[in-house]
Amino acid sequence: MNNKEIIVRRATIKDAESIAKVWRTSISQGETKYTNTINFDQRKYKRLKEGLKDKKNNFTFVATNKDDKKVVLGICGFQLREKVRTRKRIEIGWLVHPEHYKKGIATKLLKHLIKTAKSVGIKKIEAEIITENIASLKLALKCGFQIEGLKKKSMILDSGKMTDVYVIGKRV
């Protein structure tokens, strides 16, 4: 699959099971290290579906193959905030199915997210990346993010280990 065969679109409720599958696969293969859970249970699935119904504040995007739009290859998203002080700032995250690493999917997702965030009036995009996640850090830097700081031993991994986290940001 080449990059031109990948499309990014806003997720719908019909994508919920395929999104959950990406999460479950990443967790089971040990790729997702800080989910605060060892599985993607029914409670998380219900919360995912509720979020996908909220078209006003929830912006979840999926990457699919243009020939099979039902299979989710990767996800990213953000939630708009109601608080006045932080309503122009978002925190983001992304995840690609392990079978589809290094195909440009995360890059395409992140670029689409940045464009959408700007179009809805967001001024600042932030994320936290564990220092061991070199691939995500390289992706963020490639997409114009900058390292704004380092938080020492500030995130607990599913293993129970405390780890350092880069704080990254981008003004849009």
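Here's what I pulled together on the structure shown here. Per chain, residue numbering runs from 1 following the sequence as it is written. Restriction of local features to residues with pLDDT of at least 70 applies here, the model being predicted, together with a cutoff of 80 or more for giving and counting side-chain atom pairs; totals for whole chains, interfaces and linings are based on all residues. Excluded from the side-chain calculation are hydrogens and water; included are all heavy atoms of the structure.

Right, let's get into helix α3 (residues 105-119). Turn by turn, an α-helix covers 3.6 residues, leaving residues three or four places apart pointing in a common direction. Helix and strand labels come from DSSP, where a helix needs a run of H or I of at least four residues and a strand needs a run of E of at least two; each type is numbered from the N terminus. Here, expected helix span is obtained from the residue count minus one, scaled by 1.5 Å. Between its first and last C-alpha, α3 extends 21 Å over 15 residues, near the 21 Å set by a 1.5 Å rise per residue. Relative accessibility thresholds used throughout: buried, under 20% of the residue-type maximum; exposed, over 50%; partly exposed, between the two (1.4 Å probe, protein chains only). Among the residues making up α3, those that are buried are Ile 105, Ala 106, Thr 107, Leu 109, Leu 110, Leu 113, Ile 114, Thr 116 and Ala 117. Gly 121, located one to two residues past α3, shows a positive phi value of around 90°.

Let us look at the state of the cysteines. The term disulfide is used for any two cysteine sulfur atoms that are within 2.5 Å. By the definition in use, this model includes zero disulfides. With no disulfide of its own, Cys 76 lies closest to Cys 143 among cysteine sulfurs, the gap being 10 Å. Judged by relative accessible area, Cys 76 falls into the buried class, the value being 4%. The buried category is assigned to Cys 143, whose relative accessible area is 8%.

Turning to helix α2 (residues 42-53), a few remarks are in order. The end-to-end C-alpha separation of α2 is 17 Å, in line with the 16 Å expected for twelve residues at 1.5 Å each. By the burial criterion, the buried members of α2 are Lys 44, Tyr 45, Leu 48, Gly 51 and Leu 52. When α2 is viewed along its axis, its buried side chains cluster within an angular range of 125° and face the same direction. Of the residues in α2, the exposed ones pointing more than 90 degrees away from the buried face are Gln 42, Arg 43, Lys 46 and Lys 53. As used here, the arc is the angular range of directions from the helix axis to the C-beta atoms.

This part takes up the pattern of salt bridges. Whenever a carboxyl oxygen of Asp or Glu lies within 4 Å of a side-chain nitrogen of Lys or Arg, that contact is scored as a salt bridge. A full pass over the atoms with the stated rule returns nine salt bridges. Its salt-bridge partner being Glu 148, residue Lys 124 comes within 3.0 Å of it at the nearest N-O pair. Of this pair, Lys 124 sits in strand β6 (residues 124-130) while Glu 148 is found in strand β7 (residues 146-156), placing the two residues 24 residues apart along the sequence. The class of Lys 124 is buried, set by a relative accessible area of 18%. The salt bridge partner of Glu 132 is Lys 161, with a shortest N-O separation of 3.2 Å.

This next bit is on the packing of aromatic side chains. Whether two aromatic rings pair depends on their centres lying within 6.5 Å, for rings of Phe, Tyr and Trp, where Trp uses its six-membered ring; planes under 30 degrees apart make the pair stacked, over 60 edge-to-face, and the rest tilted. Taken as a whole and judged by the stated rule, the model has two aromatic pairs. Judged by centre distance (6.5 Å) and plane angle (50°), the rings of Phe 61 and Phe 78 are tilted. On the criterion of sequence distance, the pair formed by Phe 61 in strand β2 (residues 58-65) and Phe 78 in strand β3 (residues 68-79) is long-range, its members being 17 residues apart. Each of the two residues, Phe 61 as well as Phe 78, counts as buried. An aromatic cluster of at least three residues, connected via ring pairs, comprises Phe 59, Phe 61 and Phe 78.

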